[in-house]
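# Coordinates in review
Below, each chain spelled out in residue letters.
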Amino acid sequence: MAVEDECKIKFLELKSKRNYRFIIFRIDGQQVVVEKLGSPEENYDDFSNSLPANECRYAVFDFDFTTAENCQKSKIFFIAWSPDSSRVRMKMVYASSKDRFKRELDGIQVELQATDPSEMSFDIIKSRAL
C-alpha cells in the first residue's frame, strides 16, 4: 500500500504549523490519499460528522485540552474508523494497512480503534488524552 506524499506533508503541517484541526484519509485503489482537511476553527463534532457511516477511514485529530494544573496541552490522535456496517473486504484492507500507514506519520501520540461513534466519543478522547 503506497502513501501519497500529500498525506505526510499535510500531517506535518497539522503537527508543526497547526494549520488543521483534523485530517481524514481514505484508501483509493492501492494508495492512501487525503480526503478532507479540517480548519483550525472546526471542533470535534465537525470531525466526527465528517466520517462516513458505512465506510472505513483513517483520521488524525489534534486535540487541545487543559490539564488539572491549568496547562494548555495538545495530543495528536490517530483514529482507525471501521464501522460495523462497512463491507468486510474494506475492513480487511484498512486493518492490514493501518500499521504501515501509521509509521509514515511521525508524531502520533494516541491511537484509537472505533467501530461505532460511541467508541470515539468526546469523553473517550478526553480521557485518553489525560
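About the thresholds
- Residue numbers run consecutively from 1 along every chain, following the written order of its sequence.
- Residues qualify for local features only when their pLDDT is at least 70, as the model is predicted, and side-chain atom pairs are given and counted only at 80 or more; totals for whole chains, interfaces and linings, by contrast, use all residues.
- Excluded from the side-chain calculation are hydrogens and water; included are all heavy atoms of the structure.
- UniProt positions are given in the numbering used here, feature names are shortened, and annotations may be inferred rather than shown by experiment.
- Secondary structure is summarised from DSSP: a helix means a run of H or I of at least four residues, a strand means a run of E of at least two, and numbering begins at the N terminus for each.
- The rule is short: rings of Phe, Tyr and Trp, with Trp giving its six-membered ring, pair when the centres are within 6.5 Å, and they are stacked under 30 degrees, edge-to-face over 60, tilted in between.
- In this scheme, a residue with accessible area under 20% of its type's maximum is buried, one over 50% is exposed, and one in between is partly exposed, where area comes from a 1.4 Å probe on protein chains only.
- The criterion for strand pairing is that DSSP finds at least two bridges linking the strands in question.
- Polar contact is the term for a pair of N or O atoms within 3.5 Å; when the atoms are in protein, one must be able to donate a hydrogen and the other to accept it, and sequence-neighboring residues count only if both atoms are side-chain atoms.
- What makes two residues a contact is simply this: any of their non-hydrogen atoms within 4.5 Å.
- Joining through side-chain atoms within 4.5 Å is the link that ties buried Ala, Val, Leu, Ile, Met, Phe, Trp, Tyr and Cys residues into a set, and such a set is a nonpolar core.

- Taking an unreviewed UniProt entry as the reference, the protein is identified by name as ADF-H domain-containing protein belonging to Brassica cretica.
- The record held by UniProt for the protein lists under Sequence similarities (unreviewed entry) the comment "Belongs to the actin-binding proteins ADF family."

## A closer look at the UniProt feature "domain: ADF-H" (unreviewed entry) in the protein
- Under the local residue numbering, the UniProt record ascribes the feature "domain: ADF-H" (unreviewed entry) to residues 1–130.
- Secondary structure within residues 1–130 divides into 35% helix and 32% strand; the distance between the first and last C-alpha atoms comes to 33 Å.

## Points about the packing of aromatic side chains
- The tally for this structure, following the rule as stated, stands at 13 aromatic pairs.
- Considering the side-chain rings of Phe78 and Phe101, the 6.2 Å spacing of their centres and the 55° angle between planes classify their relative orientation as tilted. Taken together, the residues Phe78 in strand β5 (residues 72–81) and Phe101 in helix α3 (residues 88–104) connect sequence positions 23 residues apart. Note on accessibility: Phe78 and Phe101 belong to one class, buried.
- The rings of Phe22, Tyr44, Phe47, Phe61, Phe63, Phe65, Phe77 and Phe122 are connected pair by pair, giving a single aromatic cluster.

## A closer look at the sheet that holds strand β1 (residues 2–3)
- A sheet is described by the order of its strands in space; here six strands give the open sequence β1-β3-β2-β4-β5-β6, paired in mixed fashion. The sheet is open, and its two borders are formed by β1 and β6 (110–114), each paired with just one other strand.
- As judged from the 10 bridges shared by strand β4 (residues 57–66) and β5, these two strands associate in the antiparallel manner. Bridge assignment links Asp64 to a residue of β5, and that residue is Ser74.

## Here's the deal with the side chain of Ser86
- Inspection of the secondary structure assignment puts Ser86 in the loop between β5 and α3.
- With relative accessibility at 6%, the residue Ser86 sits in the buried group.
- Within the structure, the side chain of Ser86 is placed 2.7 Å from the backbone oxygen of Pro83, a separation counted as a polar contact.
- With residues up to four places along the chain from it excluded, the contact list for Ser86 reads Asn54, Glu55, Cys56 and Lys91.

## A short note on the nonpolar core
- By size, the foremost hydrophobic cluster in this structure holds 21 residues, and its most contacted members are Phe25, Val32, Tyr58, Val60 and Phe101.
- Listed by contribution, the elements that provide at least two residues to this core are α1 (5–17), β2 (22–28), β3 (31–38), β4, β5 and α3.
- It is α3 that provides the largest number of residues to this core, a total of four residues.

## Observations regarding the environment of Ser39
- By the element assignment, Ser39 lies in the loop between β3 and α2 (44–50).
- Residue classification places Ser39 among the partly exposed residues on the basis of a relative accessible area of 26%.
- It is 6.9 Å that separates the C-alpha atoms of Ser39 and Asn19, two residues lying 20 residues apart in sequence.

## Points about the environment of Asp99
- Structurally, the position occupied by Asp99 is in helix α3.
- Sequence separation between Asp99 and Lys10 is 89 residues; the distance between their C-alpha atoms is 19 Å.

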